[in-house]
Amino acid sequence: MTIRTVVWGENIHEQTNRVVAEIYPEGMHTTIAKALNADAGIEATTATLQAPEHGLSEARLNDTDVLVWWGHKDHGAVKDEIVERVAKRVWEGMGLLVLHSGHFSKIFKRLMGTPCALKWREAGERERLWVINPRHPIAAGLGEHFELENEEMYGEQFSVPEPLETVFISWFQGGEVFRSGMTWRRGAGNIFYFRPGHETYPTYHNETVQKVLINAVKWAHNPLGTQTSIHDAPNVPVEKALEPIVERGPRLHQAGEAGYR
């Protein structure tokens, strides 16, 4: 059984910037999807901002095990109703990978509940990613560290909630450091943020980066499937209490009546 994965790309820089178009002639989303499809356990397709419903209809999301998200230039163009649709699926158990500048995406900020702000610099400097959690499944098959010769710098402080786990920490030539691989769980869904991926550098062609993405998709996948009951808020009648009780006070709702939302 393959992990059904959708790689979502904003698909703007590839259409408007010559440098990006030369590095990713089919779009970053296609490059990432092809890398994921090299693993027999993953079936990756793509979706873009420009597609109807941004390529993320309810039916498609219901058939998605893991969603990979890359955005940058126009986070605001993503419709709020689609953001809520994706958040609902994450709560139900769909995995989510947020890449690079997706830290400012509506969906990441929605699920983190924080500004998700950071320092940054475009200088094509070397990034050394240290594997500080070598036994984590996302780090499987990696050495002590790996390097990207040219990348955009992201620096602390990164205003996100304390993660469940930190897998990578980056060092940049300018001296800054950054928590470049972190995990969270929201509802039944696993979330992984992975920092590398500036569009003017060939980061997603890098074999080690591709390996991390493959590992992350497998980690984020929830084999138990969708947990729709996570949205339920049942009003339990007195007579159905696990232990016998006597009603002793006034109430707003009748037995079994739905509560306010």
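Residues numbered from 1 in each chain as written. Predicted model: local features only at pLDDT ≥ 70, side-chain atom pairs only at ≥ 80, totals over all residues. Heavy atoms only, no water.

- If you check an unreviewed UniProt entry, the protein chain appears there as Trehalose utilization protein from Rhizobium leucaenae.

Quick word on helix α7 (residues 207–220)
Next, step 1: With 14 residues, α7 extends 20 Å from end C-alpha to end C-alpha; this agrees with the ideal 20 Å at 1.5 Å per step.
Next, step 2: Counting buried positions along α7 gives ten out of 14 residues, so the element sits mostly inside the fold.
Next, step 3: Capping the start of α7 is the job of one residue whose side-chain oxygen sits 2.9 Å from the backbone nitrogen of T208: N206. (Helix = DSSP H or I, 4+ residues; strand = E, 2+ residues; numbered from the N terminus. Expected span 1.5 Å × (residues − 1). Buried < 20%, exposed > 50% of the residue type's maximum accessible area, 1.4 Å probe, protein only. Polar contact = N/O pair within 3.5 Å; in protein donor to acceptor, adjacent residues only side chain to side chain.)

Section: the pattern of salt bridges
Next, step 1: Tallied over the entire structure, the rule returns 19 salt bridges.
Next, step 2: In this structure, E84 and R110 form a salt bridge, with 2.7 Å as the shortest nitrogen-oxygen distance. With E84 in helix α5 (residues 80–92) and R110 in helix α6 (residues 106–112), the pair connects residues that are 26 residues apart, well separated along the chain.
Next, step 3: Close ionic contact of R126 with E147 constitutes a salt bridge, the shortest N to O distance being 3.8 Å. One end of the pair, R126, is in strand β5 (residues 119–131); the other, E147, is in strand β6 (residues 145–155), with 21 residues separating them in the sequence.
Next, step 4: Overlapping salt bridges bring together R126, R128, E147 and E149 as one network. (Salt bridge = Lys/Arg side-chain N within 4 Å of Asp/Glu carboxyl O.)

So, the UniProt feature "domain: ThuA-like" (unreviewed entry) in the protein chain
Next, step 1: UniProt's entry tags residues 9–220 with the feature "domain: ThuA-like" (unreviewed entry), counted in the numbering of this structure.
Next, step 2: The distance from the first to the last C-alpha atom of residues 9–220 is 19 Å, and the span holds 28% helix and 31% strand. (UniProt positions renumbered as here; feature names shortened; annotations may be inferred.)

A short note on the sheet that holds β5
Next, step 1: Here we have nine strands laid out as an open sheet, ordered β2-β1-β3-β4-β9-β8-β7-β5-β6, and mixed in their pairing. The two strands at the open ends of the sheet, each matched to only one other strand, are β2 (42–48) and β6. Adjacent strand axes in the sheet meet at a mean angle of 25° when their direction is disregarded.
Next, step 2: Here strand β1 (residues 3–9) runs beside strand β3 (residues 66–70); their pairing, made up of five bridges, is parallel. Across the sheet, the residue bridging to V7 is V68, located in β3. (Pairing = 2+ DSSP bridges. Axes fitted to C-alpha atoms, helices over the stretch in contact; angles between N-to-C directions.)

Comments concerning the packing of helix α3 (residues 28–37) against α7
Next, step 1: Relative orientation of the contacting elements α3 and α7 amounts to 70°, with a least axis distance of 9 Å. As the angle between them shows, α3 and α7 are arranged roughly perpendicular. Taken as a pair, α3 and α7 cross one another with a handedness that is right-handed. Listed contacts from α7 to I32, A35 and L36 of α3 are Q210, L213, I214 and V217. (Parallel < 35°, antiparallel > 145°, perpendicular 65-115°, else oblique. Left-handed = near helix turned anticlockwise from the far one by under 90°. Contact = heavy atoms within 4.5 Å.)

Notes on the pairing of strand β7 (residues 165–172)
Next, step 1: Relative to β7, β5 is paired through five bridges, and the arrangement is antiparallel. Counted as the bridge partner of R128 is W171 from β7.
Next, step 2: By the bridge criterion, six bridges tie β7 to strand β8 (residues 177–186) in an arrangement that is antiparallel. Of the residues in β8, the one forming a bridge with F168 is G181.
Next, step 3: Taking the residues between adjacent antiparallel strands as the criterion, β7 and β8 are bridged by four residues, where G175 takes a positive phi near 105°.

Things to note about unusual backbone geometry
Next, step 1: Going from E156 to Q157, the amide bond is cis rather than trans, its omega being 10°.
Next, step 2: Tracing the backbone shows Q157 in the loop between β6 and β7.
Next, step 3: The phi dihedral of N11 is positive, around 60°, even though this residue is not glycine.
Next, step 4: With respect to the element layout, N11 can be found in the loop between β1 and α1 (13–16).
Next, step 5: The phi dihedral of C116 falls on the positive side, at around 60°, and the residue is not glycine.

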